[in-house]
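Architecture at a glance
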Amino acid sequence: MNFVPGEKYKAFEPINLPDRQWPSKVIEKAPIWCSVDLRDGNQALIEPMGHERKLRMFRHLVSLGFKEIEVGFPSASQTDFDFVRYLIDNNEIPDGVKIQVLTQSREELIRRTFEAVQGAKEAIVHLYNSTSTLQRRVVFDMDREGIKQIAIEGAKLVRQLADEMPETKIQMEYSPESFTQTELDYACEVCGAVMDIWKPTPDNKIIINLPATVEVATPNIYADQIEWMHRNLPNRDCIILSLHPHNDRGTGVAAAEFGIMAGADRVEGTLFGNGERTGNVDVVNIAMNMYTQGVNPELDFSNINEVVRTVEYCNQLPVHPRHPYGGELVFTAFSGSHQDAIKKGFAALKQANAELWEIPYLPIDPQDLGRSYDAVIRVNSQSGKGGVAYLLQEDYGIELPRMLQVEFSKVIQKITDETGKELSSSFIYDVFTEEYLEAKGDLSFVNHQTTVDTHASERRVLSANVVYKGEEKTVEGSGTGPIDAYMSALKSSIGVDLSVNDYREHTTGFGADAVAVAYVEMRKPDGTPVYGVGRHANIVTASLRAITSAVNRAAN
Ligand SMILES: CC(=O)SCCNC(=O)CCNC(=O)[C@H](O)C(C)(C)COP(=O)(O)OP(=O)(O)OC[C@H]1O[C@@H](n2cnc3c(N)ncnc32)[C@H](O)[C@@H]1OP(=O)(O)O
Ligand SMILES: CC(C)C(=O)C(=O)O
């Protein structure tokens, strides 16, 4: 890169606000949310939404709890105009929901905008003109006074047309577009001039929206700018102070959060951050961040998959699999140490019967977003024993003892290394079945009978029918219990030379469906461990199958 510092790009000047308060503020309540999916989001699409997609998005936004929805730029296109008319004429706007419409500060556009909202119970008319130093110079070729006049003229007309439409409760919104690249005193002066015309009161507030039209600095600078305006705007109690961050630097969410801390009351953004260039700020992200801090976001994302589906359909753009809260992979751990910690976290939470969500690597309960735990752990070559064990336990009720987890995980690791692919839970179970439950070898267990030893009542005599090297056999032995007796029978009849080192069992399923799973750890004469697993409705049969499994595996 041929980079000379300061030559082509220069640093954004910090804001002189040494007594800034926002860094020690805490977000304690949700802001007023305004969705701009149907306007800022829509204007950034390759193919803007038609009527059907717009209506689906609108209804979805209402169902999520948005009370303010910018539904379009009605003077921009017939589609936008007709859509606004459709919402009004077909009573699509529920009580308590305000539609918002955007217009440039130009007479014919403002007039057309008012035509669009005629007959609505309530509407926000959003007027904007750019105030930045750069746009003043290159787009408008006007000085500060000239640009202020654009705002004033527009504001006058909005005031007049609103007064001529008493049947509609019009709330007025003004944006000094490109606010973050505007001198603060000048932005304040222009907003003040608009306020002088609109004359808001504490009971009839206007919205002053301060957009980071293009995100050009670190989010703390946006917060300083917002706090400066919050302190210096006249008649602050007559204003709803609104944010409209974009995400050019990838810090739109941080900017919005800092902006709320700095005194803003309202946030304009889109679902999953669709919008111009790198997008508008992602409202799902901010809202769910609040949720994880114990603050009610007052938007309902409890069916996040439905939100993703709707957004993808309406925008015809995919939501990235790693997108915060909504992405397909955001609640999935592939890596071994994460899986291990998640598995232990779930166990600890269950054991403590705790309300407070504390699971390593899962900052939020996927179920709160309507996602299941199914995909929390997925297995590939980066995974470890904990993940494999988790899947067998969750999906098949198999609770592998630790040493067996270690051994089986190596079997799985070999496959993932060879294939380089993810393994499904059912595939892992099939491998487990083949490796342990149906371990191939010379010995098959058929059935057994036990009786009390007539010579010593504390001992058992066991007679088992087996197939050994293709031949049916009955083997007999006695011992302290069926396992001991079966081992003795196998030793005397076919020369098995293994000793039982550990034995565990558990049941899986309930009532008539309950099944026992038995795990046995054997030692070869040289001390090498070998494991076997058996499963059966009868616990003794399960344990004898486990021994058979270990005998076959020891011979392989
Ligand atoms: C940051 C934002 O997202 S703002 C919203 C932007 N959204 C859109 O632009 C989508 C919809 N826009 C459109 O469909 C069109 O731009 C329209 C219909 C609004 C206007 O179209 P046109 O009349 O063809 O003009 P065009 O888009 O080229 O606008 C540029 C003119 O408007 C002026 N202008 C731009 N913004 C504003 C404003 N807010 N207030 C007043 N004048 C403005 C420019 O100075 C320029 O004037 P000039 O022709 O004298 O040089
Ligand atoms: C019209 C304004 C609010 C806007 O969309 C922006 O500045 O990004």
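Residues numbered from 1 in each chain as written. Chains lettered and ligands numbered in written order. Predicted model: local features only at pLDDT ≥ 70, side-chain atom pairs only at ≥ 80, totals over all residues. Heavy atoms only, no water.

Stated formally: UniProt positions are given in the numbering used here, feature names are shortened, and annotations may be inferred rather than shown by experiment.
The protein has the name 2-isopropylmalate synthase in an unreviewed UniProt entry, where Sneathiella chinensis is given as its organism. A UniProt comment under Cofactor (unreviewed entry) is attached to the protein, and it reads "Mg(2+)". The protein has a UniProt comment under Function (unreviewed entry) that states "Catalyzes the condensation of the acetyl group of acetyl-CoA with 3-methyl-2-oxobutanoate (2-ketoisovalerate) to form 3-carboxy-3-hydroxy-4-methylpentanoate (2-isopropylmalate)."

1. Things to note about the pairing of strand S6 (residues 206-212)
The condition that has to hold: Remark: exposure states derive from per-residue accessible area (1.4 Å probe, protein chains only) relative to the maximum for the residue type, with buried under 20%, exposed over 50%, and partly exposed in between. Secondary structure elements are taken from DSSP: a helix is a run of H or I of four residues or more, a strand is a run of E of two residues or more, and numbering for both begins at the N terminus. By this definition, two strands are paired if DSSP reports at least two bridges between them. A right-handed crossover is one whose linking path, passing over the helix from the first strand to the second, runs clockwise when the strands point away from the viewer.
When you tally the buried positions in S6, you get seven out of seven residues, the bulk of the element. Burial along S6 is two-sided: the residues Ile206, Ile208, Leu210 and Ala212 and Ile207, Asn209 and Pro211 are all buried. Relative to S6, strand S5 (residues 169-177) runs parallel, the two being bridged by two bridges. Across the sheet, residue Glu173 finds its bridge partner in S6, namely Ile207. Handedness of the S5-helix H7 (residues 184-198)-S6 crossover: right-handed. Pairing analysis gives seven bridges linking S6 to strand S7 (residues 239-245), with the strands arranged parallel. Across the sheet, residue Ile208 finds its bridge partner in S7, namely Leu241. Taken together, S6, helix H8 (residues 219-232) and S7 constitute a β-α-β crossover, and its handedness is right-handed.

2. Looking at the sheet that holds strand S1 (residues 32-35)
Across a sheet, strands are paired by hydrogen bonds formed along the backbone, either parallel or antiparallel in direction. What counts, and what does not: All axes are obtained by fitting lines to C-alpha atoms, using only the stretch in contact for helices, and the reported angles, taken between N-to-C directions, cover 0 to 180 degrees.
Sheet architecture is closed into a barrel: eight strands sit in the order S1-S2-S3-S4-S5-S6-S7-S8, paired in parallel fashion. Strand-to-strand twist of the sheet, defined as the mean angle between neighbouring strand axes without regard to direction, takes the value 25°. For S1 and strand S8 (residues 266-269), the ladder comprises four bridges, and the chain directions are parallel. Looking at S8, one finds that Ser35 is bridged to Gly269.

3. Details of the site of ligand 1
How we decide: Definition of nearness: a residue and a molecule or strand are near each other if at least one heavy atom of the residue lies within 4 Å of the molecule or strand. Here a polar contact is recorded for every N or O atom pair within 3.5 Å, except that within protein the pair must consist of a potential hydrogen donor and a potential acceptor, and residues adjacent in sequence are included only if both atoms are side-chain atoms. Exposure was quantified through the Shrake-Rupley algorithm and a 1.4 Å probe, taking into account, for residues, occlusion by the shown protein chains and nothing else.
Taken together, 16 residues sit near ligand 1, with Gln43, Ser105, Arg106, Tyr128 and Phe140 positioned nearest. The contact in question runs from an oxygen atom of ligand 1 to an N or O atom on the side chain of Arg106, over 2.9 Å. Contact between ligand 1 and Tyr128: a nitrogen atom at 2.6 Å from a main-chain N or O atom of the residue. With the chains in place, 57% of the 1,000 Å² that ligand 1 exposes on its own is no longer accessible.

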